[in-house]
Amino acid sequence: GAGVSQSPSNKVTEKGKDVELRCDPISGHTALYWYRQRLGQGLEFLIYFQGNSAPDKSGLPSDRFSAERTGESVSTLTIQRTQQEDSAVYLCASSLTLTSAYGYTFGSGTRLTVV
Amino acid sequence: KQEVTQIPAALSVPEGENLVLNCSFTDSAIYNLQWFRQDPGKGLTSLLLIQSSQREQTSGRLNASLDKSSGRSTLYIAASQPGDSATYLCAVKETSGSRLTFGEGTQLTVNP
């Protein structure tokens, strides 16, 4: 596609439920990032995928968070047993390569609200 | 650990004024630095990308400079307009590691 697509755009879930967020990167982009942005705060790095290399999971805040990506395609971020502090906008970005001369393109994000 | 700082945190100016937003980073071993704009409730829109070997990039009324050795970048906005009101974020990509490191952003308000 022309841009990075994220779905759903909004998600309201009950505390304790599992949620799955989806990111469709720009076709051909090998690098993919997930970030979290809590209300009024900056972007927190969560996880990074580069091609078929092992992902950098160092930013995942707890073992309730996991992410998958098959090759250079869609990525899913799963949050198990959601808590109210998980409420945030989850942003996905992709790039042609690790050191892309074209930088990183972000999706519009998924706004997650845990009630 | 890379740290990115943006000053000021917030800025309010009258329409037509020229302004400068500042970004500083602690580790000069970077591949590139990118400036983004974020509108309330929206994702990030890329404005300018400067490679580590470059000194500046320009797009319309925007000019971004990079001084890698001193760990600084500035975003210059000429003849500001109310539509420029947004939060401006800078992010650096290091030569080591995989992540983009973001500053906290500067919230800009341009008053008509």
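Going by the structure above, here's the rest.
### Considerations on the overall build of chain B
Helix and strand content of chain B: zero helices and 11 strands. Seen in sequence order, chain B has helices and strands lined up from the N terminus as β-β-β-β-β-β-β-β-β-β-β. At 13 Å, chain B has a C-alpha radius of gyration in line with the 13 Å of a compact globule built from 112 residues. Overall, the C-alpha framework of chain B stretches about 45 × 30 × 20 Å when taken along its three principal axes. The buried share of chain B, reckoned over its 112 residues, is 45%. Contacts in chain B between residues far apart in sequence, at least 24 positions, make up 54% of those at least 6 positions apart. The average position of the 9 basic charges and that of the 10 acidic charges among the side chains of chain B differ by 6 Å.

### Describing the side chain of Thr101 of chain B
Position of Thr101 of chain B among the secondary structure elements: in strand β10 (residues 100–102). Those residues in contact with Thr101 of chain B that lie beyond four places of it in its chain are Gln2, Val4, Cys90, Ala91, Val92 and Glu94 of chain B.

### As for the pairing of strand β6 (residues 56–59) of chain B
Residue and element names in this part refer to chain B. Relative to strand β7 (residues 62–67), β6 runs antiparallel, the two sharing four bridges. The residue bridging Thr58 from the neighbouring strand is Asn63, located in β7. Here β6 folds back onto β7 in antiparallel fashion, the turn holding two residues, of which Gly60 has a positive phi close to 60 degrees.

### Digging into the packing of aromatic side chains
For the structure shown, the criterion picks out 10 aromatic pairs over all chains. Between Tyr35 of chain A and Phe45 of chain A, the ring centres sit 5.9 Å apart and the planes meet at 70 degrees, which makes this aromatic pair edge-to-face. You can see Tyr35 of chain A sitting in strand β4 (residues 31–37) and its partner Phe45 of chain A sitting in strand β5 (residues 43–50), a full 10 residues away along the chain. Neither residue differs from the other here; Tyr35 of chain A and Phe45 of chain A are each classed as buried. With 5.3 Å between their ring centres and 85 degrees between their planes, Phe106 of chain A and Phe36 of chain B make a pair best called edge-to-face. Of this pair, Phe106 of chain A sits in strand β9 (residues 105–106) while Phe36 of chain B sits in strand β4 (residues 30–38), placing the two residues on different chains. There is no split in this pair, since Phe106 of chain A and Phe36 of chain B are both buried. Feature note: the residues Tyr33, Tyr35, Phe45, Tyr48, Tyr104 and Phe106 of chain A together with Phe36 and Phe102 of chain B constitute an aromatic cluster, connected by ring pairs.

### Notes on the pattern of salt bridges
Considering all chains together, one arrives at six salt bridges over all chains under this definition. Taking the shortest distance from any N to any O, the salt bridge between Arg38 of chain A and Glu44 of chain A comes out at 3.8 Å. A relative accessible area of 28% places Glu44 of chain A in the partly exposed class. A salt bridge links Asp39 of chain B to Arg37 of chain B, with the shortest nitrogen-to-oxygen separation between them at 2.9 Å. Overall, Asp39 of chain B belongs to the partly exposed group, its relative accessible area being 25%.

### Observations regarding the sheet that holds β6 of chain B
Residues and elements named next belong to chain B. One open sheet holds the five strands; their spatial order is β1-β3-β8-β7-β6, and the pairing between them is antiparallel. Pairing within the sheet leaves two strands with one partner each, and these edge strands are β1 (4–7) and β6. Between one strand axis and the next, the sheet turns through 15 degrees on average, direction left out of account. Where β1 lies against strand β3 (residues 19–25), four bridges are found, and the strand directions are antiparallel. Each bridged residue has a counterpart across the sheet, and for Val4 the counterpart in β3 is Phe25.

### Considerations on the interface of chain B and chain A
Counting residues at the interface gives 19 residues for chain B and 23 residues for chain A. The interface formed by chain B and chain A holds zero salt bridges in total. There are five residue pairs in polar contact (both at pLDDT 80 or more) connecting chain B and chain A. When contributions to the side of chain B that touches chain A are tallied by element, the ones reaching two or more residues are β4, β5 (44–51), β9 (86–94) and β10 of chain B. It is β4 of chain B that provides the largest number of residues to the side of chain B that touches chain A, a total of five residues. Considering only residue class, the side of chain B that touches chain A consists of seven nonpolar, eight polar and four charged.

Calculation notes
Residues numbered from 1 in each chain as written. Chains lettered and ligands numbered in written order. Predicted model: local features only at pLDDT ≥ 70, side-chain atom pairs only at ≥ 80, totals over all residues. Heavy atoms only, no water. Helix = DSSP H or I, 4+ residues; strand = E, 2+ residues; numbered from the N terminus. Rg over C-alpha atoms; globule rule 2.2 N^0.38 Å. Buried < 20%, exposed > 50% of the residue type's maximum accessible area, 1.4 Å probe, protein only. Contact = heavy atoms within 4.5 Å. Lys, Arg positive; Asp, Glu negative; His and termini not counted. Charge placed at Lys NZ, Arg CZ, Asp CG, Glu CD. Pairing = 2+ DSSP bridges. Phe/Tyr/Trp six-rings, centres within 6.5 Å; stacked < 30°, edge-to-face > 60°. Salt bridge = Lys/Arg side-chain N within 4 Å of Asp/Glu carboxyl O. Axes fitted to C-alpha atoms, helices over the stretch in contact; angles between N-to-C directions. Polar contact = N/O pair within 3.5 Å; in protein donor to acceptor, adjacent residues only side chain to side chain. Nonpolar A, V, L, I, M, F, W, Y, C, P; charged D, E, K, R; others polar.

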